[in-house]
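# Architecture at a glance
The primary structure of each chain is shown beneath.
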Amino acid sequence: MHKDNQPLIFENTKEGRIGYSLPELDVPEIDLSELLAEGFVREKVAELPEVSELDIMRHYTALSNRNHGIDSGFYPLGSCTMKYNPKINESVARFPGFANIHPLQDESTVQGALEIMYDLQEHLNEITGMDEVTLQPAAGAHGEWTALMMIRAFHEANGDLERTKVLVPDSAHGTNPASATVAGFDTITVKSNENGLVDIEDLRAKVGPDTAALMLTNPNTLGLFEEDILEMAKIVHGVGGKLYYDGANLNAVMSKVRPGDMGFDAVHLNLHKTFTGPHGGGGPGSGPVGVKKELIPYLPKPVLIKKDNTLTFEYDRPQSIGRVKPFYGNFGIYLRAYTYIRSMGPDGLKAVTEYAVLNANYMMRRLEPYFDLPYSQHCKHEFVLSGRRQKKLGVRTLDMAKRLLDFGYHPPTIYFPLNVEEGMMIEPTETESKETLDDFIEAMIQITKEVEENPEVVQNAPHTTVISRLDETKAARQPVLRYIKK
Ligand SMILES: *Cc1c(COP(=O)(O)O)cnc(C)c1O
């Protein structure tokens, strides 16, 4: 239900009012109907709102104020790090020397930009403990797929054509089985044990000569660090499979442990999570992939190399899986990630991990008395609560998530991972102060009190937002365009 009376832009229209002014035409006017094929020319003038420039500015500013973003409030969205993205990143990305270059420019004229890409690759190599990095993939899932295609090419080059299966724990991120399927593999699910970690015996039972790889999300989607990684590496390598590390959430382990040192052959990172690229709304993102020596020949081409102190793209890579992105990936995100890495420095990156983990554990322990905590060991950057106790009182996790909107918070990810009943996945991130964490904790506690004393207020939430409770499926599938024609 729509509750405020801000008019729609279509309701504010005044015939003949325009928001721009163009100089008089000083070239002959073109009759479009002579240029375009029949049927492509509009018969009537489009019914667009007619408003002044100031009106349109106010309209969009008012709309943006209704939105919830990390710059306007706390956003503890589990699984998709929503941390503060320093504004210095934006200044650097807007330097004219970067913003105005074109991907078709001659390499000799963009050596500075290539140097940034090269240096970023080197930093990511160091951070992940890998031998070489490609920046091409445009997102985390794209990076997963790229790495799996390389693993596939590796097995094929060895004549190992029977390796058709990718093992994915049930606590993996949802993109893992999807990427494996798109890369042409069969996905085999490995069970979790009672501690929320990979069940080693189940893994042992499922590996074999048909194993292409194990994809491990670490920490897993419960926010838990997989303790038996070295054993898993032994088991998978023992049958000739490769190990893949989903490093989307590297702020849980960065500068503490490296996937390369844990025995992984490939890893992807999300520059738009850990490395402060802004994200949401579908991109642009960046999901670089790091690989160990054996996989280097299969990297997407062209590969950026340094030759006689000059940077150049190498195309002659006969075993490459080919290009996975037009041009060279999302350069604007590289600039932001590079600025972040350089401005934080090695000690800063280590502190990021320490605070991400500290904040999550602080919040988890303070909320533990009020909610069910399905797995009670220390977490990494995020944790999962269960609303089982509240459900018995007739209030669901969805209701509590909606109620958080009334307190000005973006709700956490809910009903995920699937093995937690009434799950709530919370990632506070390292960029929040203790005061912000405490305020959120108080709001959560307040909601649990409401569940006991006045459940309707939670069941009917939100009460203070512009739009009240929606049928979410219907809202996503059948958006209503409210256009009132006069
Ligand atoms: C976000 C995320 C992904 C997917 O990244 P996209 O950029 O959204 O494709 C994969 N794995 C994990 C663990 C994630 O958190």
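Residues numbered from 1 in each chain as written. Predicted model: local features only at pLDDT ≥ 70, side-chain atom pairs only at ≥ 80, totals over all residues. Heavy atoms only, no water.

Going by an unreviewed UniProt entry, the protein carries the name Probable glycine dehydrogenase (decarboxylating) subunit 2 and comes from Filibacter tadaridae. One UniProt comment on the protein, placed under Subunit (unreviewed entry), says "The glycine cleavage system is composed of four proteins: P, T, L and H. In this organism, the P 'protein' is a heterodimer of two subunits." (UniProt positions renumbered as here; feature names shortened; annotations may be inferred.)

### Comments concerning the nonpolar core
Ranked by internal contacts, the top residues of the largest apolar core, which has 53 residues, are Leu120, Leu124, Leu203 and Phe275. The element contributing the most residues to this core is helix α10 (residues 331–367), with 10 residues. Aside from chain neighbours lying at most four places away, what touches Phe275 is Leu124, Ile127, Leu250, Met254, Leu269, Asn270, Arg336, Ala337, Tyr340 and Ile341. (Core = buried A, V, L, I, M, F, W, Y, C linked by side-chain atoms within 4.5 Å. Buried < 20%, exposed > 50% of the residue type's maximum accessible area, 1.4 Å probe, protein only. Helix = DSSP H or I, 4+ residues; strand = E, 2+ residues; numbered from the N terminus. Contact = heavy atoms within 4.5 Å.)

### Here's the deal with the site of the ligand
Taken together, 15 residues surround the ligand, and among them Ser79, Gly140, Asp246, His272 and Lys273 come closest. The separation between an oxygen atom of the ligand and a polar main-chain atom of Ala141 is 2.8 Å. Bound to the protein, the ligand loses 87% of the 380 Å² it would expose on its own. Element by element, the count of residues in the shell around the ligand is highest for helix α6 (residues 140–157), at 3 residues. Its residues placed into classes, the shell around the ligand shows 4 nonpolar, 8 polar and 3 charged. (Near = heavy atom within 4 Å. Polar contact = N/O pair within 3.5 Å; in protein donor to acceptor, adjacent residues only side chain to side chain. Areas by Shrake-Rupley, 256 points an atom, 1.4 Å probe, with all protein chains shown as cover. Nonpolar A, V, L, I, M, F, W, Y, C, P; charged D, E, K, R; others polar.)

### Focus: the side chain of Arg403
Within the secondary structure, Arg403 sits in helix α12 (residues 397–406). Side chain to side chain, Arg403 and Asp406 meet in a polar contact 2.7 Å long. If we ignore the near neighbours within four places in the chain, the residues touching Arg403 are Ile447, Glu450, Val457, Val458, Ala461 and His463.

### What to know about the sheet that holds strand β7 (residues 289–291)
Paired through their backbone hydrogen bonds, the strands of a sheet run either parallel or antiparallel. A sheet is described by the order of its strands in space; here 7 strands give the open sequence β1-β7-β6-β5-β4-β2-β3, paired in mixed fashion. Of all strands in the sheet, those bounded by a partner on one side alone are β1 (132–134) and β3 (186–190). If you compare each strand with its neighbour and ignore which way they point, the axes differ by 25° on average. Relative to the sheet, helix α5 (residues 111–128) contacts β1 and β6 (266–269), its axis offset from that of β1 by approximately 120°. Lying over the sheet, α6 contacts β2 (165–169), β4 (211–217), β5 (242–247), β6 and β7, oriented at roughly 170° with respect to β5. (Pairing = 2+ DSSP bridges. Axes fitted to C-alpha atoms, helices over the stretch in contact; angles between N-to-C directions.)

### What about the pairing of strand β9 (residues 310–314)?
Burial of β9 is one-sided: the residues Leu311 and Phe313 facing one way are buried, the residues Thr310, Thr312 and Glu314 facing the other way are not. Looking at chain direction, strand β8 (residues 303–307) and β9 are connected through 5 bridges and run antiparallel. Considered in β9, the bridge of Leu304 is made with Phe313. As consecutive antiparallel partners, β8 and β9 are separated by 2 residues, and within that stretch Asp308 has a phi angle of approximately 50°, a positive value.

### Some points on the pattern of salt bridges
Summed over all chains, the structure comprises 30 salt bridges. Across the salt bridge formed by Lys402 and Glu472, the nearest N and O atoms sit 2.3 Å from each other. Residue Lys402 is located in helix α12, and its partner Glu472 is located in helix α15 (residues 472–477); the two are separated by 70 residues in the primary sequence. Between Arg403 and Asp406 there is a salt bridge, with the nearest N and O atoms lying 2.7 Å from each other. Here Arg403 pairs with Asp406, and both are found in helix α12, just 3 residues apart, close to one helical turn. (Salt bridge = Lys/Arg side-chain N within 4 Å of Asp/Glu carboxyl O.)

### A few points about unusual backbone geometry
For the peptide bond that leads from Asn218 to Pro219, omega is -10°, which places it in the cis range. Summarising the element assignment, Pro219 is placed in the loop between β4 and α9 (229–238). The amide bond that connects Ala461 to the next residue, Pro462, takes the cis arrangement and shows omega of 5°. Checked against the element boundaries, Pro462 lands in the loop between α14 (455–459) and α15. The phi dihedral of Asp308 falls on the positive side, at around 50°, and the residue is not glycine. Mapped onto the fold, Asp308 is located in the loop between β8 and β9. Its identity as a non-glycine residue notwithstanding, Glu422 has a phi of 50°, on the positive side. On the basis of relative accessibility, which here comes to 4%, the residue Glu422 falls in the buried class.

### Here's the deal with the sheet that holds strand β12 (residues 423–426)
Taken in spatial order, the 3 strands line up as β10-β12-β11 in an open sheet, and their pairing is antiparallel. Two strands bound the open sheet, and with one partner strand each, they are β10 (383–386) and β11 (413–414). Where β11 meets β12, 2 bridges bridge the pair, whose relative direction is antiparallel. Bridge pairing in β12 places Thr413 opposite Met425. Against the sheet, α10 makes contact with β10 and β12, and its axis sits at roughly 15° relative to β10, the strand it touches most.

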